[in-house]
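Results of the structural survey
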Amino acid sequence: MRGAADSDHPRTPRGPLVRLLLWLAVAAALAVGAASRLFDTLPAPPASATVVPSVLYDRFGTPIAEVGPSVAHAPLGLEEMAPAFVDAVVAALDPDFLDGDGVDASAYARAFRSTVGISGTDAEGDPAAVGLLRRYIETARQRDAYRRGASATAEARRLLMEMRVGRQLSRAEVLERYLNIVYLGRGAYGVHAAANAWFGVPAADLEIAQAAYLASLIEDPIGVDAPPGSTADPHRAARLARDRVLVAMYEQGYLIDTELAAGRAMPVTTGVAQPPSGSPAVGVDAAPAASADAYGLIRLLAENAGLATVVGTAYGELVDRYGPRSVVAGGLHVTTSIDLAAQRAAFAAASKAATLGYFADIAVLDRSGHVRVLVSVAPSGSSGTPESLPSLAARPLSDLLGPTTSPLRRIMVRASDSAGPADRADAAHIAEVFSVAATGGERRVRRIILSASETGEGGATRDDATIDRWPTERAEALTAAGVRSAVAMMEPFTLGAGVQALGRSAVAPATGDGWFAGWTSHFTAAVRVGISAPSASVEHAETARSLFEEVLSMLQYAELPR
């Protein structure tokens, strides 16, 4: 029981204060819990600076192709690199990077609290900005960055990864690793490859102007390989980029006056080797022309299969999802949907047509929208061997899809990947459109990648948790009435072994292309046959139909129960 003296003093308003403290405790617990959960999902930091080719497999695990850098890679220690190159990179990208070690934990804590949305937290800038620590992580983990996007969760994961790597590695180790994997143009990953590709010298022998030039390629890897500008200064952009690095080196005390003047006076092309002949893009024409990161080489691991179209298409899908570096140098193990035996059979059939002067495109999808066969063959050239092309061409369709009011034509117009007029498409696109009717009205977006995983330590595939399984995308596209209308346009016929099929043919008068598209109980296919001297002949459609029957009979027979 309180005494009189106690009652003379006003009571402290503890309620609001307690509630505030409780809210702060809850917020802190949530932040800790969020951080803990995110830590659990973080990929392990790379154990070393690696540049590893990616391998593509067919659906049954047979290797079909390897995609890797076009210039040999070798990791170097900082002591094996020209000091001028190390200075150039630090001066240009992060002048204070080597002044300390570790990370500013308090700065990262503030950034993390702001990212996860704890009220009352004022963001005080990004602790890593675009410095070398972040550049290293984004380069080494490009696959993860592409998949995660730019959400708040992705930002929080990035901050935690930076703290983790910044505590595990010294600044010198981060810098060394970054300089061994950064892309520097001409298919070169790391300074060893770049010094050879651009100047034909060891990385230790780079001169000041050469070192500054290579450092400038981190921001723009094309350099002097870009189309020349004015006659008076054809490589102005490359020269200005190099000179900006030289000035940064001077301002940071790495160069004296005479060294700066000599470097800027040197023509930017001095000592630069001639670029490699031929197209450096992965998959020949498959890589985006604007992306210098796309440089690399393909080594086909399966013969007589016409895999150029397969690899070119797969490369495009992989780059969209993971970024070019992960595909060319990230050591991915990629399982495609291709059936190698069926691919070989289709290529052999198309090659026979090519010996008669035909171009032939064949695309076969299964009921999930996965590409089982993708072939594009040109007539025999001077070598006498039919040529496998890297991509399918969009060609006129004539009335293959029926009249303008037909449900199949409406589907093609609505398709998200439809480009250009609705009366032109490639064989893979046509197969996808016809598959809507074959599946009872559901559009299943075609895809050639089933899954991808990374290479673990010692070259082994990492455990199942790191496998990225690509989902099947589905959406209703036709009503039951629309399906009936589409089926009514088709001709029923019988393949080998009594397999029932529906199909439709057309000839494009302007080009002479013959088309045939249709489906069986398991597969949808589209075939185009053309000739270099156009003549609108029903024979071309019959040739397309013969290819359709040959390939689908073999595939359908393989699916029959034994």
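First things first, this report covers the structure right here in the doc.

Basis of the calculations
- Numbers given for residues are sequential positions, taken from 1 along each chain in its written order.
- With pLDDT at 70 or above as the cut-off, local features in this predicted model cover only qualifying residues; side-chain atom pairs require 80 or more to be listed or tallied, and sums for whole chains, interfaces and linings still use all residues.
- With hydrogens and water stripped out, all remaining heavy atoms of the structure feed into the side-chain values.
- Helix numbers and strand numbers start at the N terminus; a helix is a DSSP run of H or I with at least 4 residues, a strand a run of E with at least 2.
- Burial classification: accessible surface area is computed with a 1.4 Å probe over protein chains only, and a residue below 20% of its type maximum counts as buried, one above 50% as exposed, and the rest as partly exposed.
- In what follows, residue pairs with any heavy atoms lying within 4.5 Å of each other are defined as contacts.
- In short, Shrake-Rupley with a 1.4 Å probe defines the accessible areas, and a residue's cover is counted only from the protein chains shown.
- Salt bridges are counted wherever a side-chain nitrogen of Lys or Arg sits within 4 Å of a carboxyl oxygen of Asp or Glu.
- A pair of strands is labelled paired if DSSP reports no fewer than 2 bridges between them.
- In this analysis a 1.4 Å probe is tested at points of a 1 Å grid over the protein atoms alone, and where it fits but cannot get out there is a cavity; an open set with protein on both sides within 12 Å along at least five of seven lines is a pocket; lining residues have an atom within 4 Å of a point.
- Grid points are joined across faces, edges and corners, and a volume is the space filled by probe spheres set on the points.
- The nonpolar class holds Ala, Val, Leu, Ile, Met, Phe, Trp, Tyr, Cys and Pro. Asp, Glu, Lys and Arg form the charged class, and all remaining residues, Gly among them, are polar.
- Between rings of Phe, Tyr and Trp, where Trp is taken as its six-membered ring, a pair exists when centres lie within 6.5 Å; planes separated by under 30 degrees are stacked, by over 60 edge-to-face, and by other angles tilted.
- Angular values range over 0 to 180 degrees, each being the angle between N-to-C directions of two axes fitted as lines to C-alpha atoms, with helices fitted over their stretch in contact.
- Orientation labels follow simple angle bins: below 35 degrees gives roughly parallel, above 145 gives roughly antiparallel, 65 to 115 gives roughly perpendicular, and whatever is left gives oblique.
- Left-handed is the label given to a crossing in which the near helix is rotated counterclockwise from the far helix by less than a right angle, and right-handed is the label when the rotation is clockwise.

**Section: the overall build of the chain**
Along the chain, the regular secondary structure elements total 19 helices and 17 strands. When burial is assessed residue by residue, the chain has 49% of its 562 residues classed as buried. Partitioning the intrachain contacts of the chain with sequence separation of at least 6 by distance along the chain shows that 71% fall at a separation of at least 24. Within the structure as shown, the chain displays about 25,600 Å² of accessible surface, and the carbon and sulfur contribution to it stands at 55%.

**Focus on the pattern of salt bridges**
This structure, assessed with the given rule, holds 19 salt bridges. In this structure, Asp468 engages Arg321 in a salt bridge whose closest nitrogen and oxygen atoms are separated by 2.8 Å. Here the residue Asp468 occupies a position in strand β12 (residues 468-469), and Arg321 occupies one in helix α13 (residues 308-322), the gap between them amounting to 147 residues. For Asp468, a relative accessible area of 5% translates into the label buried. Here Asp361 makes a salt bridge to Arg528, at a shortest N to O gap of 3.2 Å. Of the two residues, Asp361 is situated in strand β5 (residues 358-366) and Arg528 in strand β17 (residues 523-531); the sequence distance between them amounts to 167 residues. We note that Asp361, like Arg528, is buried. What emerges from the salt-bridge pattern is a single network uniting Asp233, Arg239, Arg242 and Asp243.

**Focus on helix α3 (residues 83-93)**
Of all the eleven residues making up α3, eight are buried; the element is thus mostly covered by neighbouring parts of the structure. Among all positions of α3, only Ala84, Phe85, Val86, Ala88, Val89, Val90, Ala91 and Leu93 are buried. At its buried positions, α3 is contacted by α5 (132-140), α8 (171-181), α9 (191-199), α10 (208-216) and α11 (236-251).

**Some words on the sheet that holds strand β1 (residues 54-57)**
The strands that make up a sheet pair up through hydrogen bonds in the backbone, lying either parallel or antiparallel. Taken in spatial order, the six strands of this open sheet run β3-β2-β1-β4-β11-β12, and their pairing is mixed. Sheet topology places β3 (297-300) and β12 at the edges, where each strand pairs with a single neighbour. For strand β11 (residues 449-454) and β12, the ladder comprises two bridges, and the chain directions are antiparallel. When the bridges of β12 are listed, Ala452 appears paired with Asp468.

**Let's talk about empty space enclosed by the protein**
Regions of empty space are outlined by a rolling probe, equal in size to a water molecule, passed over the atoms. The full count for this structure, using the stated rule, is two cavities of 30 Å³ or more. Quantified by volume, the largest cavity comes out at close to 40 Å³. The dominant element in the lining of the largest cavity, judged by the number of residues it contributes, is α10, at three residues. Residue composition of the lining of the largest cavity, grouped by class: six nonpolar, two polar and one charged.

**Considerations on the packing of aromatic side chains**
Here a ring pair, both rings aromatic, is described through the centre-centre distance and the interplanar angle of the planes. A complete count under the given rule lists seven aromatic pairs for this structure. Between Phe493 and Phe516, the ring centres sit 5.8 Å apart and the planes meet at 75 degrees, which makes this aromatic pair edge-to-face. In this pair, Phe493 sits in strand β14 (residues 491-494) while Phe516 sits in strand β16 (residues 514-519), placing the two residues 23 residues apart along the sequence. When sorted by exposure, Phe493 lands in the same class as Phe516, which is buried. Relative to Phe548, the ring of Phe516 has its centre 5.0 Å away and its plane inclined at 65 degrees; by these criteria the two rings are edge-to-face. With Phe516 in strand β16 and Phe548 in helix α19 (residues 538-559), this pair connects stretches of sequence that are 32 residues apart. Each of the two residues, Phe516 as well as Phe548, counts as buried. Ring pairing ties together the aromatic residues Trp198, Phe199 and Tyr213, which thus form one cluster.

**Quick word on the packing of α5 against α8**
Two numbers describe a pair of packed helices, the interaxial angle and the distance between the axes. Taken N-terminus to C-terminus, the directions of α5 and α8 make an angle of 45 degrees; their axes are 9 Å apart at the nearest point. Looking at the two axes, α5 sits oblique to α8. Like other packed secondary-structure pairs, α5 and α8 cross with a definite hand, here left-handed. For the pair α5 and α8, contact is made by Leu132, Leu133, Arg135, Tyr136, Thr139 and Ala140 and by Val174, Leu175, Arg177, Tyr178 and Ile181, respectively. Across the contact of α5 with α8, the residue classes tally to eight nonpolar, one polar and two charged.

**Things to note about α10**
Most of α10 sits inside the fold, with eight of its nine residues counted as buried. Of all the residues in α10, the buried ones are Ala209, Gln210, Ala211, Ala212, Tyr213, Leu214, Ala215 and Ser216. In this fold, the buried residues of α10 make contact with α3, α9, α11 and α12 (257-265).

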